[in-house]
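Observations on the three-dimensional arrangement
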Amino acid sequence: MSASRRSGTTDELGPDEPEPDGSDLLAALLDGMDAALCAFDADGVVTHWNREAERILGWTAAEAVGRSGFAGWAVRTADAEEVEGRLLSAMEAPGRQVNEFALLTKDGGRVLVRTQSAAVRGPDGKPAGVYCAFSEVHAQIDLERSIALSEALFADASWGVVLVDADLRPAVVNAHAARALGMGRTAVLGRPLGELLSQGVEELESALTHVLAEGAPPAPAEMWVSVRSAEGGKRRCWRSGFVRLASPLTEEPVPLGVGWLFQDVTEARQTEQEAALLRFRANQLHRAARAAAECEDPGEAATVHLDFSLAGFADHALIDRVAGGPVADGEGPVRLVRAVATPAGAPGPSLLAGKAGLPVRYPEGHPALQCVERAGSVRAGSGESTPERTREWALARQWPADSVHALCAVLRSRGRTLGVVTFLRGAGRSQFERADAMYAEDVAARIAMALDLEGLVERP
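Everything quoted here is computed from the prediction, not taken from an experiment.

The rules behind each value
Residues numbered from 1 in each chain as written. Predicted model: local features only at pLDDT ≥ 70, side-chain atom pairs only at ≥ 80, totals over all residues. Heavy atoms only, no water. Helix = DSSP H or I, 4+ residues; strand = E, 2+ residues; numbered from the N terminus. Rg over C-alpha atoms; globule rule 2.2 N^0.38 Å. Buried < 20%, exposed > 50% of the residue type's maximum accessible area, 1.4 Å probe, protein only. Contact = heavy atoms within 4.5 Å. Areas by Shrake-Rupley, 256 points an atom, 1.4 Å probe, with all protein chains shown as cover. Lys, Arg positive; Asp, Glu negative; His and termini not counted. Charge placed at Lys NZ, Arg CZ, Asp CG, Glu CD. Salt bridge = Lys/Arg side-chain N within 4 Å of Asp/Glu carboxyl O. Pairing = 2+ DSSP bridges. Axes fitted to C-alpha atoms, helices over the stretch in contact; angles between N-to-C directions. Phe/Tyr/Trp six-rings, centres within 6.5 Å; stacked < 30°, edge-to-face > 60°. Lys NZ or Arg CZ within 6 Å of the ring centre and 35° of its normal. Parallel < 35°, antiparallel > 145°, perpendicular 65-115°, else oblique. Left-handed = near helix turned anticlockwise from the far one by under 90°. Nonpolar A, V, L, I, M, F, W, Y, C, P; charged D, E, K, R; others polar.

1. Some points on the overall build of the chain
The helix and strand tally for the chain stands at 14 helices and 17 strands. For a compact globule of 460 residues, the expected C-alpha radius of gyration is about 23 Å, and the chain comes in at 41 Å, more than 25% above that figure. In terms of its C-alpha atoms, the chain occupies a principal-axis envelope of roughly 125 × 60 × 35 Å. Out of the 460 residues belonging to the chain, those deemed buried represent 38%. Counting contacts in the chain only where the partners sit at least 6 residues apart, residues at least 24 apart contribute 49% of the total. Entry remark: accessible area of the chain is about 25,800 Å², with carbon and sulfur atoms responsible for 53%. Of the charged side chains in the chain, 47 are positive and 64 negative; the average position of the first set lies 11 Å away from that of the second.

2. Comments concerning the pattern of salt bridges
When the charged atoms of two side chains lie near each other, side chains of opposite charge can form a pair. What the rule picks out here adds up to 21 salt bridges. Of the charged contacts, one joins D79 and R76 as a salt bridge, the two residues approaching to 3.1 Å between their closest N and O atoms. Across the pair E222 and R269 runs a salt bridge whose closest N-O atoms are separated by 2.5 Å. Taken as a pair, E222 in strand β9 (residues 221-227) and R269 in helix α10 (residues 266-293) lie far apart in primary sequence, 47 residues in all. What makes E222 partly exposed here is its relative accessible area of 32%. Assessed through its relative accessible area of 18%, R269 is described here as buried. Ionic contacts of the salt-bridge type, sharing partners, join the residues E222, R239, R269 and E272 into one network.

3. Digging into the sheet that holds strand β14 (residues 351-352)
Spatially, β14-β13-β12-β17-β16-β15 is the arrangement adopted by the six strands of the open sheet, whose pairing is antiparallel. Edge positions in the open sheet fall to β14 and β15 (378-381), since each of these has one partner strand only. Alignment of strand β12 (residues 316-322) against strand β17 (residues 416-425), held across six bridges, turns out to be antiparallel. If you follow H316 over to β17, its bridge partner there is L424.

4. Comments concerning the sheet that holds strand β2 (residues 46-49)
What the five strands build is an open sheet, ordered β2-β1-β5-β4-β3; its pairing is antiparallel. At either margin of the open sheet sits one strand with a lone partner, and together these are β2 and β3 (97-104). Shown here is a sheet whose adjacent strand axes are inclined to one another by a mean of 30°, direction ignored. Sheet topology places strand β4 (residues 110-121) next to strand β5 (residues 127-136); nine bridges connect them, and they run antiparallel.

5. Regarding the packing of aromatic side chains
Here the structure, examined in full by the defined rule, presents 13 aromatic pairs. On the numbers, 6.5 Å between centres and 50° between planes, the contact of W49 with F134 is tilted. Of this pair, W49 sits in strand β2 while F134 sits in strand β5; the two residues are 85 residues apart in sequence, bridging distant segments of the chain. Across the pair, F134 and W49 agree in class, each one buried. Counting every residue linked through ring pairs, the aromatic cluster contains F40, W49, W59, F70, W73 and F134. Above the plane of the ring of F432 lies R425, whose end atom (NZ or CZ) is 4.0 Å from the centre.

6. What to know about the packing of α10 against helix α11 (residues 298-310)
Following both chains from N to C, one finds α10 and α11 inclined at 160°, their axes separated by 9 Å at the closest point. Classified by the interaxial angle, the pair formed by α10 and α11 is roughly antiparallel. The way α10 lies across α11 gives a crossing that is right-handed. Contact residues: Q284, R287, A288, A289, A291 and A292 in α10; A301, V304, H305 and F308 in α11. For the contact of α10 with α11, the residue count by class is seven nonpolar, two polar and one charged.

7. A word on the environment of E144
With respect to the element layout, E144 can be found in helix α6 (residues 137-153). Here E144 falls in the partly exposed class, since its relative accessible area comes to 36%. With 120 residues separating them in the primary sequence, E144 and D264 have C-alpha atoms 30 Å apart.

So, in structure tokens, the structure goes:
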């Protein structure tokens, strides 16, 4: 009688339905195993033989059960004594024993198997036989290799490995990935990706969702992310590969999550970007020089250099000349006159400011005046948090209202200061860096030569 009937409750079996016999249940369990299994009694007679053993060796249970040992049918006669002795010795040994044997198949072939054998105890605790589970060595080696690969990936891999569950949360993280995320291995587990990354989360989650639904992409993808840290976000470029993980225990693949492997390629990508930017700027300077060489008016040549320099560099640009002509170093405060300006609204070519010569109302400490005093480049930024404050900051300095970042480069020629060129960026661009200042100084040198030539041409 079933356990549920003994407890006084009703189970799925009807009152007149026969209950499964214990031997039937044991046979079903043995036949459902993935490993081949056979058992011997204390005299070495085969008592059990499951379907996997039949698949590997070809001998059916009816042909195997009842035979004494393996001699003459599953093992060569010359090897039978040694094989049976090592198998039956498990009855006297503690724990399990692992051996490798060459067994014979029913059609006469040989199969190298790895066995695990252990004693079967009777009701009195004495050995009553031995069971032996075995599988083909190559299948066992494949399993061991898979396990070893998993262990190596999560211990010694030189790239990040993260197993993400179906809820897009890290389930397993290796040491390299934990260092890249700036946290301990256990601290990362189960946390939303948005708590680990401040930028690039949407792109990464979209990729993981696609892999869960469609499978692995055909090639790695490069993603720019910002890792959260106490010092702020650190922008990194990760070259990422994805594989979908499915359970091997189900008839239809059930996604268990995604294996995410990534490698930090930030330095390489930054070097490539810098090299591409240098090539582009050098090409712009070359094109500007060729176009300026065709200008009859040196003043027009200066505007050509200014227009070519704006591409990919700034949103607006201004040229302010020193009132009264060039000045030598140390000649005291100067006033600046607007000479050239780009349109403040829609983009277009630079426009000459006219011949009125009225000084620009720059307040004391203005970046352009500082640039003239120092005879060097000056960078400035609004640093304001609201659009209204940023607009006030730009208008107070006589710049277009959408200006957020400024870079002033002095115009020098023949040891004298001719004026200042100012490059302006809006909120959609980053602030000017040192490399930007070097490029602006190169453009300023070409503009200064054109303006100096214009003065020589106009001189009586």
